[in-house]
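Summary of structural features
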Amino acid sequence: MAAPVYPAWVSRWVSGQWRQKKRPPVIRPTRPLVLANKVANRREQAGEATCITEMSVMMACWKQNDFSNAACAEEIRTFYDCVAKAEKERREKAEEETLEPRGNLTSSKVNRLLRRFPNITRYV
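Criteria and cut-off values
- Residues numbered from 1 in each chain as written.
- Predicted model: local features only at pLDDT ≥ 70, side-chain atom pairs only at ≥ 80, totals over all residues.
- Heavy atoms only, no water.
- Helix = DSSP H or I, 4+ residues; strand = E, 2+ residues; numbered from the N terminus.
- Areas by Shrake-Rupley, 256 points an atom, 1.4 Å probe, with all protein chains shown as cover.
- Disulfide = S-S within 2.5 Å.
- Buried < 20%, exposed > 50% of the residue type's maximum accessible area, 1.4 Å probe, protein only.
- Polar contact = N/O pair within 3.5 Å; in protein donor to acceptor, adjacent residues only side chain to side chain.
- Salt bridge = Lys/Arg side-chain N within 4 Å of Asp/Glu carboxyl O.
- Patch = residues over 30% accessible without salt bridge, like charges linked within 9 Å, V, L, I, M, F, W, Y side chains within 5 Å.
- Lys, Arg positive; Asp, Glu negative; His and termini not counted.
- Charge placed at Lys NZ, Arg CZ, Asp CG, Glu CD.
- Core = buried A, V, L, I, M, F, W, Y, C linked by side-chain atoms within 4.5 Å.
- Contact = heavy atoms within 4.5 Å.
- pLDDT = per-residue confidence, 0-100.

Per an unreviewed UniProt entry, the protein chain is named Coiled-coil-helix-coiled-coil-helix domain containing 1, and its organism is Apteryx owenii.

Quick look at the structure:
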């Protein structure tokens, strides 16, 4: 019994010749494939508002006393104490994050590292 006769395109398809000799596709990048020396500035997570109640008490006192600082000295001192405490907590948290980074770096830290270690643009 004779073998069946197939058209020529079937034998090329089965053998893989239709794939242009199995070459990988040509990739033409639109930009050079190197890292930039800076990254875009991204907003860091907005912290929660602190000392809102102290500030509103201070402003209410000002409004009642025609914006006199002498009459509202206690409220002003309370507000400034709260701000100092919140700033101290924020600094401690920032120091904690720099000592042991969790996850991704901020864009400012990445830019600082890229300034210290820029791309090599020439060969020695």
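**Examining the overall build of the protein chain**
Broken down by element type, the protein chain carries four helices and zero strands. Each helix and strand of the protein chain, ordered N terminal to C terminal, gives the series α-α-α-α. For the protein chain, the computed accessible surface area is about 12400 Å², with 56% contributed by carbon and sulfur atoms.

**As for the state of the cysteines**
All chains considered together, the criterion is met by two disulfides. A disulfide bridge connects Cys51 with Cys82, and the sulfur atoms are separated by 2.0 Å. The disulfide joining Cys51 to Cys82 has a torsion of about -95 degrees about its S-S bond and is therefore left-handed. Taken as a pair, Cys51 in the loop between α1 (8-15) and α2 (52-64) and Cys82 in helix α3 (residues 73-99) lie far apart in primary sequence, 31 residues in all. Like Cys82, Cys51 is buried. What pairs with Cys61 in a disulfide is Cys72, and their sulfur atoms sit 2.1 Å apart.

**Things to note about the environment of Arg77**
Considering the arrangement of structural elements, one finds Arg77 in helix α3. A polar atom in the side chain of Arg77 sits 2.5 Å from the side chain of Glu74.

**Considering the pattern of salt bridges**
Opposite charge on two side chains makes pairing possible when the charged atoms of those side chains draw close. For the structure shown, the criterion picks out four salt bridges. For Arg91, the salt bridge identified is with Glu87, shortest N-O distance 3.6 Å. Placement of the pair is Arg91 and Glu87 together in helix α3, with a separation of four residues, close to one helical turn. Judged by relative accessible area, Arg91 falls into the exposed class, the value being 52%.

**Examining a negative patch on the surface**
Residues Glu89, Glu92, Glu95 and Glu96 make up a contiguous surface patch of negative charge. Structurally, the position occupied by Glu95 is in helix α3. Glu95 gets classed as exposed once you look at its relative accessible area, which sits at 53%.

**Describing the nonpolar core**
With seven residues, the main nonpolar core is built from Cys51, Met58, Cys61, Cys72, Ile76, Phe79 and Cys82. Put simply, the parts of the chain that give this core at least two residues each are α2 and α3. Here this core takes three residues from α3, the largest share from any one element. Among all residues touching Ile76, those that are not within four sequence positions of it are Met58, Trp62 and Asn69.

**Regarding the confidence of the model for the protein chain**
Looking at the protein chain, the pLDDT average stands at 81 and 80% of residues meet or exceed 70. The secondary structure element of the protein chain with the lowest average pLDDT is α1, at 73, and the one with the highest is α2, at 94.

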